[in-house]
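# Descriptive analysis of the structure
Residues per chain are reported as follows:
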Amino acid sequence: MKRMACIPVVALALAAWASDPALAADDKPYRVADGNKVDKATLEGWRTWRALACERCHGARQEGLVGPSLLESMRRLSKDEFKQAMMKGRPEKGMPNFDGSKMVTENLDGLYAFLKGRADGAIQPGRLEELK
Amino acid sequence: MVLTQTGRWGLLLGLAVLPGFALANPEVIKLTQNARNWAMQAGNMQNHRYSALKQITSENVKDLRVAWTFSTGVLRGHEGGPLVIGDMLYIHSPFPNKVFAINLADQTIRWKYEPKQDPSVIPVMCCDTVNRGVAYADGKIFLQQADTNLVALDAKTGKEVWKVKNGDPKKGETNTNAPHIFKDKVITGISGGEFGVRGYLAAYDIKTGKLAWKAYSTGPDAEMLMDPEKTMTWTDGKMAPVGRDSSLKSWQGDQWKIGGGTTWGWFSYDPKLNLVYYGSGNPSTWNPVQRPGDNKWSMTIFARDADTGQAKWVYQMTPHDEWDFDGVNEMILADGINVRGKPRNVVVHFDRNGFAYTLDRATGELLVAQKYDPTVNWATHVDMKTGRPQVVKQYSTRAQGADVNTKGICPAALGTKDQQPAAYNPANKLFYVPTNHVCMDYEPFKVEYTAGQPYVGATLSMYPPPKSHGGMGNFIVWDAGAGKIVKSKPEKFSVWSGALVTAGGIACYGTLEGYVKCVDANDISKELYKFKTPSGIIGNLNTWEFKGKQYIGVLSGIGGWAGIGLAAGLEKDTDGLGAVGGYRELSKYTELGGVLTVFSLP
């Protein structure tokens, strides 16, 4: 039920991107300026990263600690694979399933965008603010 | 009523006969009194980590060599240490929590136990799967598994005698603590303060596993086993009853239900008083703005009756925590400590908040509260009348507010000391304390609670204190009567290993780089022996004697919080490099891997 609930949100988010000429141009899921100013969805993605304490395993700079470096794996994972890992987890490796978290299900695309931006080197580590 | 009478009887009996004989588990006490064994994780019920053995001395410790080693076959952080009873050694591993019974005569494995645990418990332990060791009593080895199953194994065969579920990992409840045997009970706690778990202490019958009592850290008086009239606390310079709903009144709404106060530390027991001592952890979340009030009884030292669980007295060290200064660290019981010219029987506790506390352990009276690292800055001092720390506004994450990065707080969330237990030398009445020397920036933010999901609500960045020696740890000697550091030995990294002190005049500890170090107990600046084990050490040093020879054993296997080197909440790319860089440098020295290394003289 909870997973189903997120689908309209995802659809809306995708629709929003599709209508954004800046995004369409370079095919990036995020918009960023000065390395630390990002679009609203990406900002919420970073807030989700922070609230779920992802840095405890993946490092403050996503460079990997007990968990793998997301700078590496985000270059490899398709968006579907990313979502699958987030929702179902990889319990045998210590990755929790986050399908029970409202914040994650509502901000999954933003989280993907944030981590993609980190892996691309376009978004800096640390605090972000909204791109006006 | 019951509580008072039991206390009095305990006192009378204790005075009348040999210490502890009448009321405590005679078998375990007898085993711990024979220094050839190391029959409890801390060596004895008082948490001394002291041995009367003196074959290895300050003169000959330089000749120490490795006698044998044993791989647990497990990566990740290895805390706790070996138990030795007679000719058998029992050693455990982190998740999946294997237990090995090793025959000391030829180091063969007599039996091995490996529980089947749901791997979904691993992420709930985020991020390390430590276990602090097994306990022995009544011909059984007790294992507190990560998935909260408490298991009694036949010490001879490793076969399960009984098993009981202590918590629910689906709610974020897990276990890392060692079970403690006091009297006829096995006492255990619960972890999960970062998942909004409501902490409790539970006592099970050692014969059957039947729950004897369970006492929550927060909530209604009845569920905390607290008597509003008889449970005492330090109030206005004297002991006074806690009063009705002392916990409920200190929380907003129902926050106490997800309010933490978990109990994963080292407990102790006074057989004469029949009291169990332990501390409760941080209130949840780490964002203080979301939980106004003192958040009782998180961050509290508890003294409970071993038979009934009733709280005799409580003392809250950090009301309304704003820094994650869990109060779970070991409670050490020491007799005849000179406090302002009078010998007192006390409980000594080195808290995460950077203050070392000395309390009368019968009454709960606050005697001493002093900083055991001079860089501690979040409070100026503890007001001895109210017992409250005097918080410095600049370092108050509540005063600075949510979404503000409060900088330069000392100590960091991992405390001036975490769970790594100190040692007490009854001969010179001094404490040998492994410490952290780390400061932090702390930014709280709002979080929503979802059962089984992280409920943290702050990002942190950690680094060595500015204007200090540059390292992230110290090994210190502490005078608990005077509240003063006697001597401090700087270390490059946090000293995350339980110390050992012996009648041979040595004190030993491990380092995160992987060294076992033994120093002169009379002058800890004199390093007498050093050996590099296969991995960083977060385990505790234990000692025993077998066939006339003294051995010292320790688990290496880097991990735990220090090994993870948590650092987050960076504002700029260059921020926090001290912390990240500091702990990151560990990778130059060590890799994962659990090994027991055993030392002896040639």
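Since we're looking at a predicted model, the values are computed, not measured.

Let us now look at the overall build of chain B. When you go through chain B residue by residue, the secondary structure sums to six helices and 40 strands. Each principal axis of the C-alpha distribution contributes one length, and for chain B these read about 60 × 60 × 55 Å. Per-residue burial for chain B yields a buried fraction of 63% across its 602 residues. Summarising the internal contacts of chain B: among those between residues at least 6 apart in sequence, 63% fall at separations of at least 24.

In this section: the overall build of chain A. When its secondary structure is counted, chain A shows seven helices and three strands. When the elements of chain A are put in sequence order from the N terminus, they spell out α-α-β-β-α-α-α-α-α-β. A burial count over chain A gives 43% of its 132 residues as buried.

Our focus in this paragraph is the packing of helix α3 (residues 40–51) of chain A against helix α7 (residues 102–120) of chain A. The packing of two helices is summarised by the inter-axis angle and the distance between the axes. Residues and elements named next belong to chain A. The geometry of α3 relative to α7 is characterised by a closest axis approach of 6 Å and an angle of 105 degrees between their N-to-C directions. Taken together, the axis directions place α3 and α7 in an arrangement best described as roughly perpendicular. Together, A41, T42, E44, G45, W46, T48, W49 and A51 of α3 and M103, V104, N107, D109, G110, L111, Y112, A113, F114 and G117 of α7 make up the contact between the two elements. For the contact of α3 with α7, the residue count by class is ten nonpolar, six polar and two charged.

Time to look at the nonpolar core. By size, the foremost hydrophobic cluster in this structure holds 199 residues, and its most contacted members are Y90, F431, A499, A507 and C508 of chain B. In contact with Y90 of chain B, other than residues within four places in its own chain, are P82, L83, V99, A101, V134, Y136 and I141 of chain B.

What follows concerns the environment of S101 of chain A. Structurally, S101 of chain A can be placed in the loop between α6 (79–88) and α7. Sequence separation between S101 of chain A and K37 of chain A is 64 residues; the distance between their C-alpha atoms is 26 Å. Look past the residues within four positions of S101 of chain A in its chain and what remains in contact with it is L52 of chain A together with T450 and Q453 of chain B.

This part takes up the sheet that holds strand β40 (residues 595–600) of chain B. Note on sheets: strands pair through backbone hydrogen bonds, and any given pair is parallel or antiparallel. Residue and element names in this part refer to chain B. Spatially, the four strands line up as an open sheet ordered β2-β40-β39-β38, and their pairing is antiparallel. Single-partner strands in this sheet number two, and they are β2 (65–71) and β38 (542–546). Strand after strand, the sheet turns through a mean of 25 degrees between neighbouring axes, direction not considered.

All names here are of chain B. Ordered in space as β21-β22-β23-β24, the four strands form an open sheet in which the pairing is antiparallel. One side of each edge strand has no neighbouring strand; the edge strands of this open sheet are β21 (331–339) and β24 (366–371). Mean inter-strand twist for the sheet, computed between neighbouring axes without regard to direction, equals 30 degrees. The pairing of β21 with strand β22 (residues 342–350) spans seven bridges and is classified as antiparallel. Residue pairing for β22: N338 is matched across the bridge by P343.

What follows deals with unusual backbone geometry. All names here are of chain B. Put simply, F95 and P96 share a cis peptide bond, and its omega is 15 degrees. Its place among the elements puts P96 in the loop between β4 (88–92) and β5 (99–103). Of note in the backbone geometry, R76 takes a positive phi value of approximately 75 degrees without being a glycine. Looking at where R76 falls in the secondary structure, it is placed in the loop between β2 and β3 (83–85). The residue K183 is not glycine, and still its phi comes out positive at about 60 degrees. Along the chain, K183 falls in the loop between β11 (180–182) and β12 (185–188). Using a count of 23 C-beta atoms within 10 Å as the deciding quantity, one classes K183 as buried.

Before going further, it helps to spend a moment on the packing of α6 of chain A against α7 of chain A. Residues and elements named next belong to chain A. The contact between α6 and α7 brings their axes to 11 Å, and the two run at 140 degrees. Considering their axes alone, α6 and α7 lie oblique with respect to each other. Once α6 is placed against α7, the crossing between them reads as right-handed. The segment α6 lies against α7, with K79, F82, K83 and M86 engaging V104, L108 and Y112. For the contact of α6 with α7, a count of residues per class yields five nonpolar, no polar and two charged.

Our focus in this paragraph is helix α2 (residues 26–33) of chain B. Residues and elements named next belong to chain B. Of the positions making up α2, those classed as buried are V28, I29 and L31. One side of α2 holds all its buried residues, which, seen down the axis, span an arc of 160 degrees. In this structure, the buried residues of α2 make contact with β3, β7 (135–137) and β11.

All names here are of chain A. Mean pLDDT over chain A works out to 82, with 80% of the residues at or above the 70 mark. Taken element by element, the predicted model of chain A shows its lowest mean pLDDT in helix α1 (residues 2–18) (39) and its highest in strand β2 (residues 37–38) (97). Predicted confidence is poor over residues 1–25, with pLDDT under 50, and the contacts of this stretch with residues over four places away or in other chains come to 20 contacts.

Thresholds, definitions, all that
Residues numbered from 1 in each chain as written. Chains lettered and ligands numbered in written order. Predicted model: local features only at pLDDT ≥ 70, side-chain atom pairs only at ≥ 80, totals over all residues. Helix = DSSP H or I, 4+ residues; strand = E, 2+ residues; numbered from the N terminus. Buried ≥ 20, exposed ≤ 12 C-beta atoms within 10 Å, placed from the backbone. Contact = placed C-beta atoms within 7 Å. Axes fitted to C-alpha atoms, helices over the stretch in contact; angles between N-to-C directions. Parallel < 35°, antiparallel > 145°, perpendicular 65-115°, else oblique. Nonpolar A, V, L, I, M, F, W, Y, C, P; charged D, E, K, R; others polar. Core = buried A, V, L, I, M, F, W, Y, C linked by C-beta atoms within 7 Å. Pairing = 2+ DSSP bridges. Left-handed = near helix turned anticlockwise from the far one by under 90°. Arc of directions from axis to C-beta. pLDDT = per-residue confidence, 0-100.

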